[in-house]
Amino acid sequence: MSCILQVENLVKHFGPVQAVNGVSFAIERGTCFGLLGPNGAGKTTTVEMMEGILPSTSGSIQYKGAPADEDFRNEAGIMFQETSLQEFIQVGETLELFSRFYSRTRPLNELIERCALGEYLDRDVRKLSGGQRQRLLLAIALVNDPEIVFLDEPTTGLDPQARRNFWQLVNDIKQEQKTLVLTTHYMEEAYELCDEIAIMDHGRIIAQGSPRALLKKHFDNSVILLPASEVPASLDQDHRLKMHRMNGQVEILSEDVNATIELLMAQRIPLTHLQIRSRTLEDLFLELTGRGLRN
Ligand SMILES: Nc1ncnc2c1ncn2[C@@H]1O[C@H](COP(=O)(O)OP(=O)(O)OP(=O)(O)O)[C@@H](O)[C@H]1O
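Here is what the cut-offs are and how they apply
What you see as residue numbers is a count from 1 along each chain, following the sequence as written. Only residues with pLDDT of at least 70 get local features here, since the model is predicted, and only at 80 or more are side-chain atom pairs given and counted; chain-wide, interface and lining totals rely on the full set of residues. Side-chain descriptors were evaluated using all non-hydrogen atoms of the structure, hydrogens and water having been removed beforehand. Runs of E in the DSSP output that reach at least two residues are strands. Runs of H or I that reach at least four are helices, and both are numbered from the N terminus. Here's how the labels work: a residue is buried when its accessible area is under 20% of the maximum for its type, exposed when over 50%, partly exposed in between, all with a 1.4 Å probe on protein chains only. In this analysis, two residues are considered to be in contact whenever any of their non-hydrogen atoms come within 4.5 Å of each other. Charge convention: Lys and Arg are scored as positive, Asp and Glu as negative, and His as well as the terminal groups of each chain are ignored. A charged residue contributes its charge at one atom only: NZ of Lys, CZ of Arg, CG of Asp or CD of Glu. Domain delimitation follows an automatic or database domain assignment. Each aromatic pair joins two rings of Phe, Tyr and Trp (for Trp, the six-membered one) with centres within 6.5 Å, and gets the label stacked for planes under 30 degrees apart, edge-to-face for over 60, and tilted for any other angle. Following DSSP output, two strands are said to pair if at least two bridges run between them.

When its secondary structure is counted, the protein chain shows 10 helices and 14 strands. Dimensions of the protein chain along its principal axes, counting C-alpha atoms only, are 70 × 45 × 40 Å. Scored against the burial criterion, the 295 residues of the protein chain give a buried share of 49%. Residue pairs in contact within the protein chain that sit at least 24 positions apart in sequence constitute 68% of those at least 6 positions apart. Taking the 30 positively charged and 41 negatively charged side chains of the protein chain as two groups, their mean positions are separated by 2 Å.

Looking now at the domain arrangement of the protein chain. Partitioning the protein chain into structural domains gives domain 1 (3-216) and domain 2 (220-278). Relative placement of domain 1 and domain 2: their C-alpha centres are 41 Å apart.

The next point concerns the packing of aromatic side chains. Centre distance and the angle of the planes are the two values used to describe a pair of aromatic rings. For the structure on display, the rule yields 4 aromatic pairs. On the numbers, 4.6 Å between centres and 25° between planes, the contact of phenylalanine 25 with phenylalanine 33 is stacked. Look at phenylalanine 25 and you get buried, because its relative accessible area is 4%. Its relative accessible area of 2% is what places phenylalanine 33 among the buried residues. Pairing phenylalanine 72 with phenylalanine 150 gives two aromatic rings, centres 6.2 Å apart and planes at 75°, and the pair type is edge-to-face. Placement of the pair is phenylalanine 72 in helix α2 (residues 70-75) and phenylalanine 150 in strand β7 (residues 148-152), with a sequence separation of 78 residues. For phenylalanine 150, a relative accessible area of 0% puts it in the buried group.

Here we come to the pairing of strand β3 (residues 32-36). Most of β3 is tucked away, with 5 of its 5 residues classed as buried. Taken together, the 5 bridges between β3 and strand β8 (residues 179-184) define a ladder with parallel strand orientation. In the strand pairing of β8, leucine 35 is matched with threonine 183.

What follows is the structure, encoded as structure tokens:
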């Protein structure tokens, strides 16, 4: 695989605010690269510098081995968080309008089918549901048949069903060997779509790798969950258990689930409502930064 986009020591200051503080990574062609982090981590600023929308304070961005130029602008597709769609015009007209900006375009009927917009071509863009609007914004990002597509928090505000439908669309785009750059607050989304993720905090990358590799590297334990009411307070002092109480539940971190369950049984703790879960990217973020992703 070859690298399509390389970011080297990227820095962005807004006056006294150090939004991005020396970020470096390389994105392989045909992969989905995810930037994760809490509000204000510097994701959008990083992506906007990569897209060429925002000048950097210092650092370099190379597209196909050279500074991003006209080729990049023609070969990149951007799905903005809040593209101000022209009001009072319809979905079909919007797609035609955007397709006029490029010399090379993808056939609109193909895009309409791909993004399931056929039923809404005559609809005023203000009358679209959240999911329909995101599909239109994605179709706009694909209008120039880009090699690299930027998706900035594409499913924020969508209901779970619409989010899953959108993931299917993104997976279809991946099948076409296009490169994707995704920013998201949703760990499940990153886990589902990304081949590689970089977790940002305070303008820096604090962890990077494939979601599975990151979890494997950082965790060798599982979480055992029990209703707090069924675990006596005396067990909180048991040094053999790494446990804490949260939201009416007891969470026990266990490197050896069998041994932990035996210990609980010996203490006559009822196990009817016991649940076991693997560690998630959300746990990883919490462990690395001490904060939740949506704080
Ligand atoms: N134009 C600007 N002027 C001043 N400060 C800015 C500007 N844009 C962003 N910032 C600041 O830079 C930091 C990084 O912001 P950025 O929007 O890149 O974070 P983010 O990770 O994308 O957050 P979110 O998830 O909320 O979109 C924040 O402290 C933000 O307030």
